[in-house]
Structure formats: C-alpha cells, structure tokens
Amino acid sequence: MTAINLQVEEKSDRLDRYLSEELPDLSRSRIQQLIEQGHIQLNDKVCTSKKIHLKAGDRIILEIPAVQPLQLVAEHIPLDILYEDDQLLIVNKPAGLVVHPAPGHPDGTLVNALLAHCPNLPGIGGVQRPGIVHRLDKDTTGAIAIAKTDLAYQHIQAQLKAKTARREYLGVVYGAPKTENGIIDLPIGRSPQDRKKMAIIPIEQGGRSAITHWQIQERLGNYTLIHFQLETGRTHQIRVHSAKIGHPIVGDPIYSSGHSVGVNLPGQALHAWRLRLQHPVTEDWIEATATLPHTLMTLLEILRRR
C-alpha cells in the first residue's frame, strides 16, 4: 500500500479532477475507482464522492493498494500470425478470444498464447499485460499488434498516441446512412447507469475525446458494410459511435437491439481489417491485412443475395 499526502493550496475543482492534475501517472478512471473504493481521506475522513469541490487548506491522503500480480501461465493456443520479427508480432485475433486475463477470464487469453509463443514476453510493458499495446474486444476479430521488446512497446504506444499508426475496421451496421461518409466526434466514458457499458459522456463529466471516420463500402438493402478508421482508441469506440448515429453494429450484444439476421454470429460484425504502423527499429512502414472471418463472409453473402 502506497500513501500520498496532498494539501490544496487554493480553491480548486472537483476532487477527481484535482487528483488527475496532481497525479498524472494515474488515469482519471483509476482515481475515480480509488475514490469509490474508499481509498481517499479528505481532512481525516473517508471521502467516496468524486464530485466534492475542494477549498484551500484541504488535506488529502490517497492510499494506492498494491497491484495483485496475475498468475500468467503459458498456453499453447494456435495463433494466426500476419507479421513477425524480433521486435513485434501482428496476429489475426479470432472471435471469442479475450486479449488479456481479467476477473472471469483468468486463462485461455491471447496473452496466455503469446507467453507460449514468445517466452521473453513477461517483462515487456509491465507484467500485467505483457506486450499488449492496444486491445480488441473479445468478439471483435482482426489485426492486433504485440510488442516483443520494451523499445517496440514504447515506440508503438507513441505512434498510437501521435495518431501516426492507422487502424482500419470493417463492420456491418443496421440501416442505410444517408451520406457516403462522415466523422463522429463524440466523447466516450463509462456509463453511469451500467458500469459494463460505455456511453457518450461530455468531457466536463469525465468523457474522453473520441473520433471515428467512416465511409460506406457497400450498401446491402437495409444493412451497410462500412469502413471505419480510428483517430482515437477508446473502449467500444466504434460500437458506441455507430449506435449513437442510429446504425448499430449487427450482432452487437450490448449496443444494438439484437434482432436476428439469419446468421449465427459469435458477437458484433466488426473486424480489425488493416493495421499500419512504423517499425520501431528500421522505421519502415508495416501494413498487415487480416482476412475477414468465415461468419462475416457468410453474413455478407446472405445480405447480397437478399
């Protein structure tokens, strides 16, 4: 357990905002979680309200519990490798494969498979999520990059932050958008009604900037195949943005009405189709394209026949 003592020097903002400015190494969501769990004392009393406004002279004690390391076990799970060298690996993730262990998914994840494939991975980027620089939802398929060295980890993370790496997706949505393309610029945060869902949340209420570019690839009657390009990488970004503009991803169990399309989909019809990034050592551009999964190909064939 680590304790941090702070004293407010002048009338300030909400507690969570003040702490996120004072402690840049902690994310706003992590700070809010610590507040909710009772790890913050304000003037010697436990405070569980992130919205409380601070005044000059207020004393804050923040206790950060030690991270419980995950017991990561190497598992021989087949990987569909799109690109590999001594610095990085790009794999085509199937539906149903969770990226890293978490409560409810202690094993059988992409990380477990990677540890068997790359025995040196545990130290890369911290042991909690070795080598993972970005993520895909459990039932989203397609290209995901994994760093095999700390240099690659830092380099790819910097590319994602600077928006020089390009992540392109293909998804089938309900309905027919009126225009051929567009940009969705709406901030995303954790839903206050359902903590398992993300939602459009104003930035002043804790949402984070989220920008998705989209373009129609193919019109399929009352369905549409759309090419998405991410400018930011928020949790469930494409799924939340698509639902917000009235065209949710087909088969999405959380953000769409879920009526059947006649194909047994494992989850949302969303695929990380192409990933373009700069090699951390040679600085050459690498482009990996992940073939569409069988279920998505079948869905498109059926919709075309209709």
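That block above? That's the structure.
Summarised in this report is the structure supplied together with it. Just so it is clear, the structure is predicted and the values come from calculations on it, not from any experiment. (Residues numbered from 1 in each chain as written. Predicted model: local features only at pLDDT ≥ 70, side-chain atom pairs only at ≥ 80, totals over all residues. Heavy atoms only, no water.)

1. Considering the overall build of the protein chain
Each helix and strand in the protein chain was counted, giving six helices and 15 strands. Oriented by its inertia axes, the alpha-carbon framework of the protein chain measures out at about 70 × 45 × 35 Å. Classification of the 306 residues of the protein chain by burial places 45% in the buried group. Restricting the contact set of the protein chain to residue pairs at least 6 apart, pairs at least 24 apart contribute 64%. When the accessible surface of the protein chain is summed, it comes to about 15,700 Å², and 49% of that surface belongs to carbon and sulfur atoms. Charge separation in the protein chain, taken as the distance between the mean sites of 34 positive and 32 negative side-chain charges, equals 7 Å. (Helix = DSSP H or I, 4+ residues; strand = E, 2+ residues; numbered from the N terminus. Buried < 20%, exposed > 50% of the residue type's maximum accessible area, 1.4 Å probe, protein only. Contact = heavy atoms within 4.5 Å. Areas by Shrake-Rupley, 256 points an atom, 1.4 Å probe, with all protein chains shown as cover. Lys, Arg positive; Asp, Glu negative; His and termini not counted. Charge placed at Lys NZ, Arg CZ, Asp CG, Glu CD.)

2. Side note on the nonpolar core
Formed by 60 residues in total, the largest nonpolar core has its most connected members in Ile 146, Val 172, Phe 228, Val 250 and Leu 299. For Val 250, the residues in contact, after removing those within four places along its chain, are Val 172, Val 173, Tyr 174, Tyr 223, Val 261, Leu 265, Gly 267, Gln 268, Ala 269 and Leu 299. (Core = buried A, V, L, I, M, F, W, Y, C linked by side-chain atoms within 4.5 Å.)

3. Comments concerning the sheet that holds strand β1 (residues 2-7)
Taken together, four strands build an open sheet; the order of strands is β1-β4-β2-β3 and the sheet is antiparallel. Every interior strand has two partners, whereas the edge strands, β1 and β3 (45-46), have only one. Pairing of strand β2 (residues 40-42) with β3 involves two bridges; the strand directions are antiparallel. Following the sheet pairing, Leu 42 is matched in β3 by Lys 45. Packed onto the sheet, helix α2 (residues 28-36) meets β2 and β4 (59-64) and runs at close to 100° relative to β4. (Pairing = 2+ DSSP bridges. Axes fitted to C-alpha atoms, helices over the stretch in contact; angles between N-to-C directions.)

4. Regarding the environment of Ile 183
As for its position among the elements, Ile 183 is in strand β9 (residues 181-185). Setting aside chain neighbours within four positions, we find Ile 183 in contact with Ile 211, Thr 212, His 213 and Trp 214.

5. Concerning the environment of Lys 11
Its location among the elements puts Lys 11 in the loop between β1 and α1 (15-22). Taking C-alpha positions, Lys 11 is 6.1 Å from Leu 54, a pair spaced 43 residues apart along the chain. When neighbours within four sequence positions are excluded, Lys 11 is seen to be in contact with Leu 54, Lys 55 and Ala 56.

6. Observations concerning the pairing of β4
By the alternation rule, side chains of β4 split into Ile 60, Leu 62 and Ile 64, which are all buried, and Arg 59, Ile 61 and Glu 63, of which none is buried. Pairing between β1 and β4: six bridges, direction antiparallel. Bridging from a neighbouring strand, Ile 4 pairs with Leu 62 of β4. Here β2 runs beside β4; their pairing, made up of three bridges, is antiparallel. Along β4, the bridge assignment pairs Ile 40 with Leu 62.

7. Structural notes on the pairing of strand β15 (residues 285-289)
The two faces of β15 differ: Ile 286 and Ala 288 on one face are buried, but Trp 285, Glu 287 and Thr 289 on the other face are not. Of the pairings in the sheet, the one linking strand β14 (residues 270-278) to β15 comprises five bridges and is antiparallel in character. By the bridge assignment for β15, Gln 278 is matched with Trp 285. Two successive antiparallel strands, β14 and β15, enclose a turn made up of six residues, where Glu 283 displays a positive phi of approximately 65°.

8. Some thoughts on helix α3 (residues 110-117)
Buried residues dominate α3, accounting for six of its eight residues. Listed as buried for α3 are Leu 110, Val 111, Asn 112, Ala 113, Leu 114 and Leu 115. Taken together, the buried residues of α3 touch β6 (88-93) and β7 (141-147). Put simply, Thr 109 is the residue that caps the front of α3, since its side-chain oxygen is 3.3 Å from the backbone nitrogen of Val 111. (Polar contact = N/O pair within 3.5 Å; in protein donor to acceptor, adjacent residues only side chain to side chain.)

9. Section: the packing of aromatic side chains
Under the defined criterion, the tally for this structure stands at one aromatic pair. On the numbers, 5.7 Å between centres and 45° between planes, the contact of Tyr 174 with Tyr 223 is tilted. Highlighted residues: Tyr 174 in strand β8 (residues 166-174) and Tyr 223 in strand β13 (residues 223-230), separated in sequence by 49 residues. The side chain of Arg 276 reaches across the aromatic face of Trp 285, ending 4.4 Å from its centre. (Phe/Tyr/Trp six-rings, centres within 6.5 Å; stacked < 30°, edge-to-face > 60°. Lys NZ or Arg CZ within 6 Å of the ring centre and 35° of its normal.)

10. Overview of the side chain of Ser 20
When you line up the elements, Ser 20 lands in helix α1. For Ser 20, the side chain forms a polar contact with the main-chain oxygen of Arg 17, separated by 2.9 Å. Apart from residues lying up to four places away in sequence, Ser 20 is in contact with Arg 28 and Ile 31.

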